[in-house]
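Here is how the chains run, residue by residue.
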Amino acid sequence: MIELDPGAMTPMYVQLANVLRERIRRGEVPIGRRLPSQSELEAETGGVVSRRTIKSALELLAAEGLVRGVQGKGVFVIALPPTAE
């Protein structure tokens, strides 16, 4: 289950991207593996977020070079996030 805080100052899509980034960092979703689909992520959040919010989170991760969408197949992890130092 993904728990997000709708009352937080951080936008929901950024919160979701942070959760997914941490899953990638911890190896829960390794390089080459598909992230959960938008409908799976919607279910994981208990329906708290819209598909647009999920899409924005995935776009943020793609802009960071961590994931890539493949038409008709899903969104795949292509790199690990940099380690915080």
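Residues numbered from 1 in each chain as written. Predicted model: local features only at pLDDT ≥ 70, side-chain atom pairs only at ≥ 80, totals over all residues. Heavy atoms only, no water.

K.L.:
Quick rundown of helix 1 (residues 12-25)? Include the residues and the values.
P.N.:
For an α-helix the count is 3.6 residues per turn, leaving residues at separations of three or four pointing the same way. An ideal rise of 1.5 Å per residue puts 20 Å on 14 residues; helix 1 measures up with 20 Å between its terminal C-alpha atoms. Of the positions making up helix 1, those classed as buried are Met12, Val14, Gln15, Leu16, Ala17, Leu20, Arg21, Arg23 and Ile24. (Helix = DSSP H or I, 4+ residues; strand = E, 2+ residues; numbered from the N terminus. Expected span 1.5 Å × (residues − 1). Buried < 20%, exposed > 50% of the residue type's maximum accessible area, 1.4 Å probe, protein only.)

K.L.:
Before we move on, can you summarise the nonpolar core with the specific residues and values?
P.N.:
Of all hydrophobic cores here, the largest spans 19 residues; its most connected members are Leu16, Leu35 and Val67. Of all elements in the fold, only helix 1, helix 3 (51-63) and strand 2 (74-77) reach the threshold of two or more residues within this core. By residue number, the principal contributor to this core is helix 1, which donates five residues. When residues no more than four places from it in sequence are discounted, the contact partners of Leu35 are Val29, Leu58, Val67, Val75 and Val77. (Core = buried A, V, L, I, M, F, W, Y, C linked by side-chain atoms within 4.5 Å. Contact = heavy atoms within 4.5 Å.)

K.L.:
So, the packing of helix 1 against helix 3: which residues are in play, and what are the values?
P.N.:
Following both chains from N to C, one finds helix 1 and helix 3 inclined at 55°, their axes separated by 8 Å at the closest point. Taken as axis vectors, helix 1 and helix 3 run oblique relative to one another. Crossing of helix 1 against helix 3: the hand is right-handed. Packed against helix 1, whose contacting residues are Met12, Tyr13, Val14, Leu16, Ala17, Leu20 and Arg21, the element helix 3 presents Thr53, Ile54, Ser56, Ala57, Leu58, Leu60 and Leu61 at the interface. (Axes fitted to C-alpha atoms, helices over the stretch in contact; angles between N-to-C directions. Parallel < 35°, antiparallel > 145°, perpendicular 65-115°, else oblique. Left-handed = near helix turned anticlockwise from the far one by under 90°.)

K.L.:
Report on the pairing of strand 2, specifying residues and quantitative values.
P.N.:
For strand 1 (residues 67-70) and strand 2, the ladder comprises four bridges, and the chain directions are antiparallel. From the neighbouring strand, Val67 faces strand 2, where its bridge partner is Val77. Between strand 1 and strand 2, which pair antiparallel and follow one another directly, the connecting turn spans three residues, one of which, Gly72, has a positive phi of 80°. (Pairing = 2+ DSSP bridges.)

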